[in-house]
Amino acid sequence: MSIKKNTGFKICVVGAGHVGLPAAACFAELGHKVICADNDAKKISALKKLKMPFFEPDMEDLVVKNYKKGNLEFLSSLDEAIKRSEVIFIAVGTPPMPDGSADLTAIENVAHAVARNLNGYKLVVEKSTVPVQTGRKIEETIARYKKTDAVCDVASNPEFLREGKAVSDFFYPDRIVIGTSSRRAETILRSIYAKLKARIVVTDINTAELIKHASNSFLAMKISFINAVSRVCDLAGADVKKVAQAMGFDKRISPHFLSAGIGWGGFCFPKDVEAFIYISQKLGYDFNLLKEVRNVNYDQRKYFVNKIKEKLWVLKGKKIAVLGLSFKPDTDDMRFAPSIDIVELLSREGAELFLYDPKPEEAKKIFTAKNIHFSKTAYDAAKGADCVCFLTEWKGLLDIDLAKVRRIVNHPLIADGRNMFNRADIVAKGFEYIALGA
Ligand code: UDX
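Calculation criteria
Residues numbered from 1 in each chain as written. Predicted model: local features only at pLDDT ≥ 70, side-chain atom pairs only at ≥ 80, totals over all residues. Heavy atoms only, no water. Phe/Tyr/Trp six-rings, centres within 6.5 Å; stacked < 30°, edge-to-face > 60°. Helix = DSSP H or I, 4+ residues; strand = E, 2+ residues; numbered from the N terminus. Buried < 20%, exposed > 50% of the residue type's maximum accessible area, 1.4 Å probe, protein only. Lys NZ or Arg CZ within 6 Å of the ring centre and 35° of its normal. Expected span 1.5 Å × (residues − 1). Polar contact = N/O pair within 3.5 Å; in protein donor to acceptor, adjacent residues only side chain to side chain. Contact = heavy atoms within 4.5 Å. Near = heavy atom within 4 Å. Nonpolar A, V, L, I, M, F, W, Y, C, P; charged D, E, K, R; others polar. Domains from an automatic or database assignment.

S.K.: What should I look at first to understand the packing of aromatic side chains in this one?
M.R.: Two descriptors summarise a pair of aromatic rings, namely the distance from one centre to the other and the angle between the planes of the rings. Scanning the model with the defined rule gives 13 aromatic pairs in all. Relative to Tyr193, the ring of Phe170 lies with its centre 6.1 Å away and its plane at 45°, an arrangement referred to as tilted. In this pair, Phe170 sits in helix α7 (residues 166-171) while Tyr193 sits in the loop between α8 (183-192) and β8 (200-203), placing the two residues 23 residues apart along the sequence. The buried category is assigned to Phe170, whose relative accessible area is 6%. Residue classification places Tyr193 among the buried positions, given a relative accessible area of 5%. With 6.4 Å between their ring centres and 85° between their planes, Trp264 and Phe269 make a pair best called edge-to-face. Accessibility expressed as a relative area gives 12% for Phe269, which makes it buried. Among the aromatic side chains, those forming a connected cluster through ring pairs are Phe27, Phe89, Phe170, Phe171 and Tyr193. A cation sits over an aromatic face here: Lys212 above Phe160, 5.8 Å from the ring centre.

Quick look at the structure:
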């Protein structure tokens, strides 16, 4: 394979999930010929009809444009996709096992498929978050099962895409990490990303894998830290938002990931923190700090529900509106969303729950108890409510007409799980206000 700067590579992205599909569309937009492969034949046939499996801002436009141009193709045959590609990005799921370890079955399957279809030099790149030393296992598996002499390099190129911002994070990354000991692999990966003006960090494969563990865990730790501070603020009568703002002005701290609330969810932080605790333990280090980061996070949800209980006393039969269900705004993703525990806790107490989310499809699959109802609008949910909870700071909820809400509720109580409103404004509109340290 000739390696020329900015040439279009034949790329296969394995996995059409929240990482793989936006990445595939963005690689195509950079001018590469991309096959996005997924063994879910239904998902692939929907994608061929240009039906997106989930909502991600700007992704659909890129998929449609590049599919029509012939730069992006969808295949359910992994074998065929690998045979036709030079560079294979692995973006399959690595779901958590009950003990916190990551289930690497799908990664191993891809390694076997590469070994089976090694019809020339190929570069296999890990994009999914994987435990440190997985790259080595992929290398060993391919070497063990390959049937030709063809050379295959393995590299780690962890993704840092946030859901809801995946496309802009792809085109404007803070850094691109390339983990490999092969000069050839490094050159190819540099060429693939050549059009992006990004800082590139080249390292060995174990270090690249660890950068991903450490980055996500550190961000989760920042959020848990400010959540712990919010608890002290509640006790001391201080305002965590001001504390976070002033802390954030210090360049060494930065203002990001310092918003206190009901904590982190989603498919990355919960799984990645667990996996880092597990892998550290396996390597011989007891990462107690991260265990506490996790505890603070989950305790925050119970603390929030207890605050509501303190105000409403008996929850049985009370009408509670829950606005915003996805783990964060601009996504319909409900995986490990804090709303799951909170709705569950309120539902178990016998409250009548009226739920609203701008993208409710995934949530409807989860919340099926008899006392849980879905409303078409935030105002429908709030009608006659004894408490209106805000769990996700969707723009439409930030802009809600609180005067209108005040007129239609039974009891004017707002429980703000994201500290998205200002206490003085809410009180001025005639509500009682529950927040977290604010
Ligand atoms: C995260 C990482 O940011 C990304 O780099 C990685 O590739 C995947 O995991 P994501 O899960 O999409 O991305 O969401 P993110 O925006 O990081 O938010 C994670 C959770 O933390 C959300 O539930 C969010 O509501 C919460 N959060 C975030 C806070 O509670 N406070 C904050 O200050 C920031």
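S.K.: Is there a simple way to explain helix α12 (residues 288-312) in this structure?
M.R.: Since the α-helix packs 3.6 residues into each turn, any two residues three or four apart lie on the same face. Here α12 contains 25 residues, and its C-alpha end-to-end distance of 36 Å stays within 8% of the 36 Å for a straight helix at 1.5 Å per residue. Buried within α12 are the following residues: Leu290, Val293, Asn297, Gln300, Arg301, Tyr303, Phe304, Val305, Lys307, Ile308 and Leu312. Trp313 lies just past α12 and shows a positive phi near 65°.

S.K.: What exactly am I supposed to notice about the side chain of Thr392 here?
M.R.: Following the sequence through the fold, Thr392 ends up in the loop between β12 (387-390) and α16 (395-398). Overall, Thr392 belongs to the buried group, its relative accessible area being 0%. Polar side-chain contacts of Thr392 include one of 3.3 Å to the backbone oxygen of Gly324. Within polar-contact distance, the side chain of Thr392 engages the backbone nitrogen of Leu325 at 3.4 Å. Setting aside residues up to four positions removed in sequence, Thr392 forms contacts with Leu323, Gly324, Leu325, Ser326, Lys328, Pro329, Leu397, Arg418 and Met420.

S.K.: Explain the side chain of Asn157 to me, please; I cannot follow it from the model alone.
M.R.: Mapped onto the elements of the fold, Asn157 is located in the loop between β6 (152-156) and α7. Among the polar contacts listed, one links the side chain of Asn157 to the side chain of Lys127, at a separation of 3.0 Å. Setting aside residues up to four positions removed in sequence, Asn157 forms contacts with Phe89, Val125, Glu126, Lys127, Ile176, Val177 and Tyr193.

S.K.: Is there a simple way to think about the site of the ligand in this case?
M.R.: Residues in contact with the ligand amount to 19 residues; listed here are only the nearest, Phe160, Glu163, Ser259, Phe327 and Lys328. Gly265 has a polar backbone atom sitting 3.1 Å from an oxygen atom of the ligand. Take Lys328: an N or O atom from its side chain is 2.9 Å from an oxygen atom of the ligand. Ranked by residue count, the leading element in the shell around the ligand is helix α9 (residues 205-236), at three residues. Class assignment for the residues of the shell around the ligand results in nine nonpolar, four polar and six charged. Residue contributions to the shell around the ligand reach at least three from each of two domains, namely domain 1 (10-203) and domain 2 (239-434).

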